[in-house]
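Summary of structural features
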Amino acid sequence: MSAMDVTTPDPAPMEEDKDYVMVEKPEDAGEDVSDLQSSLDTAIEMIEKHSVTPISDIATSVPAILQTVLQEDQDRFSTAAVSIKEQAIYNLTKVYCLTKNYEQIVGLLTGDVCHAFFSNVTKAKCARVIRQVLDLICDLIPEEYSTQETICRQIISWCTEQKRSFLRQRVEAKLATVLYARKEYSESLSLIDELLLQLKKLDDKQLLVEIHLIESKVHFALRGLQKAKAALTASRTAAGAIYVAPSMQASIDSMSGILHCEERDYDTAHSYFLEAFEQLDQLDDRERALPCLKYMMLCRILDSLGKALKLSAVGGVGSKTKKRDVDLSNIISPKQNLKYGGEDIDAMNAIAAAASSRSLKDFEATTKKYMKQLQTDILIKHHLEILNEQLLESNLIRIIEPYSCVEITHVASLIEMPLHVVEKKLSQMILDSKFKGILDQGKGQLIVYEEGDGDMAMEKGLEVIANMDNVVTSLFARSQILRSL
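One structure accompanies this document, and this report is about it. (Residues numbered from 1 in each chain as written. Predicted model: local features only at pLDDT ≥ 70, side-chain atom pairs only at ≥ 80, totals over all residues. Heavy atoms only, no water.)

**A few points about the overall build of the protein**
For the protein, the count of helices and strands is 22 helices and three strands. When burial is assessed residue by residue, the protein has 45% of its 485 residues classed as buried. By element, 52% of the accessible surface of the protein is carried by carbon and sulfur atoms, the whole surface being about 25,400 Å². (Helix = DSSP H or I, 4+ residues; strand = E, 2+ residues; numbered from the N terminus. Buried < 20%, exposed > 50% of the residue type's maximum accessible area, 1.4 Å probe, protein only. Areas by Shrake-Rupley, 256 points an atom, 1.4 Å probe, with all protein chains shown as cover.)

Structural data, given as structure tokens:
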């Protein structure tokens with residue numbers, strides 16, 4: 001999922017998955033549902049004790065209890081009974097996820113277990129339950145994309161048979177997200193294109209916001225930055241006409257920051273990541289807030305170092321910096337460090353320390369030490385490669401600055417890198433006009449020329465020639481007009 005690859009969070013501990021277990025008893029609507037409530041309470045109690053009992057103990061007993069609730073003989077569907085059966089579906093889904101019984105999950109919604117329930121409730125209730133179950137599955141087994149895809153496709157087929165287009169479109173949006181996570185970008189894009197044609201006719205702006213955001217992520221993964229920006233603009237336009245939940249707004253801001261980061265506008269990217277982080281922090285969504293905080297730190301590092309070194313634009317042998325120019329000691333607040341501290345923040349702090357001291361050796365040691373935290377995220381990995389190039393250029397310029405002629409082997413020994421890597425980088429820097437010089441490969445030397453003033457006579461001569469060319473072109477055009485008269 002995205003930097004954009006999108007990075008899939010680890011499943012949350014099972015003890016914390018109580019948001020989906022609602023134990024409050026519904027009000028009695030005149031129909032006796034005490035037996036159903038008792039069975040549901042028993043199942044919930046067994047699920048909550050799974051952390052201290054073997055998982056195999058609930059693999060068969062709890063599903064049997066919950067299936068009894070859903071397939072009871074009296075066919076009770078009062079308000080109280082429907083509420084109990086709805087919670088039974090959520091808890092049955094949770095049990096199958098805990099026990100990794102994925103085959104049962106696939107057939108749960110479209111099979112016989114939930115058939116009676118879906119046939120006797122309103123279409124709105126049916127759609128809400130199916131979407132809640134899908135969200136629950138994605139939360140509990142986030143890396144089982146094949147299972148998620150199979151479930152989505154079965155629900156889409158069922159919706160097509162039942163002619164429930166509203167629900168089908170939302171499940172197709174979820175399927176597009178799953179395909180994006182599986183890196184099946186072409187199939188995801190084709191599904192998005194079909195959906196957009198339908199949604200624009202219906203003017204469903206809420207779903208348009210989500211679909212355009214997914215489209216932007218897919219194009220970004222395919223390195224189509226212009227199309228990604230266009231899709232994100234469309235998402236923002238649709239979001240401007242309706243109320244957007246803070247979680248969705250945070251996703252839009254985060255994607256905006258990623259695109260600005262790719263354009264190396266790190267200051268603007270930092271402001272977008274800050275907006276996204278503050279919203280997710282208020283929602284107490286640590287899993288999504290932490291990557292935004294890492295991106296904020298990355299932008300601060302790249303922006304400060306780029307301004308100090310001035311390598312990305314001009315370069316030059318005289319490009320120097322002092323440590324205070326890239327002071328990154330207070331890159332995040334103590335409150336943020338206390339709440340989100342861990343290996344991820346330690347990794348970014350170590351990168352900041354290496355960038356501040358312009359130490360290529362420390363930078364490479366940090367990337368090896370924190371490989372999991374730094375290399376799994378595409379955005380961070382890509383921009384750390386840029387940072388590595390900047391640090392390498394900065395160190396090479398600092399080494400060759402005192403010399404007019406120096407052996408390449410000496411430069412390689414000082415920077416502690418292989419000779420062929422140093423030679424290749426120096427030739428690239430000469431071609432990019434980072435400094436003036438030539439490589440004498442016969443003698444294995446680098447000859448550096450001093451930065452001299454330009455030849456004013458040459459520049460003025462070229463300017464006169466350019467002006468004369470404009471005059472001749474203008475006279476030729478006038479003569480053509482006169483001939484045609």
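Moving on from the coordinates now.
**Considerations on the nonpolar core**
In this structure, Leu-387, Val-422 and Leu-446 are the most contacted members of the largest nonpolar core, which totals 138 residues. Those residues within four positions of Val-422 in sequence are excluded, and the remaining contacts are Leu-396, Ile-408, Val-411, Ala-412, Ile-415 and Met-417. (Core = buried A, V, L, I, M, F, W, Y, C linked by side-chain atoms within 4.5 Å. Contact = heavy atoms within 4.5 Å.)

**Considering the pairing of strand 2 (residues 437–440)**
Remember that side chains alternate between the two faces of the sheet whenever the strand is regular. Sheet analysis places strand 2 next to strand 3 (residues 445–448), joined by four bridges and oriented antiparallel. Across the sheet, Leu-439 pairs through a bridge with Leu-446, a residue of strand 3. (Pairing = 2+ DSSP bridges.)

**Observations concerning the packing of aromatic side chains**
Counted by the stated rule, this structure contains five aromatic pairs. With 6.1 Å between their ring centres and 45° between their planes, Tyr-180 and Tyr-185 make a pair best called tilted. With respect to burial, Tyr-180 and Tyr-185 carry one shared label: buried. An aromatic cluster of three or more residues is present, and its members are Phe-117, Phe-118 and Trp-158. The ring of Phe-77 carries Lys-85 above its face, with NZ or CZ at 3.9 Å from the centroid. (Phe/Tyr/Trp six-rings, centres within 6.5 Å; stacked < 30°, edge-to-face > 60°. Lys NZ or Arg CZ within 6 Å of the ring centre and 35° of its normal.)

**Focus on the sheet that holds strand 3**
The three strands are arranged 1-3-2 in an open sheet whose pairing can be described as antiparallel. Because the sheet does not close on itself, it has two edges, and the strands there are strand 1 (405–407) and strand 2. Averaged over all pairs of adjacent strands, the angle between their axes in this sheet comes to 20°, without regard to strand direction. Strand direction decides the pairing type here: strand 1 and strand 3, joined by three bridges, are antiparallel. Across the sheet, the residue bridging to Glu-407 is Gln-445, located in strand 3. (Axes fitted to C-alpha atoms, helices over the stretch in contact; angles between N-to-C directions.)

**Some remarks on helix 3 (residues 79–98)**
For helix 3, spanning 20 residues, the distance from its first C-alpha to its last is 29 Å, which sits close to the expected 28 Å at 1.5 Å a residue. Looking one or two residues past helix 3, Lys-100 carries a phi angle of roughly 55°, positive in sign. (Expected span 1.5 Å × (residues − 1).)

**Some details on the pairing of strand 3**
Judged by which residues are buried, strand 3 turns out to be one-sided: Leu-446 and Val-448 face inward and are buried, whereas Gln-445 and Ile-447, on the alternate face, are not. Connecting the antiparallel pair strand 2 and strand 3 is a turn made up of four residues, with Gly-444 showing a positive phi of about 70°.

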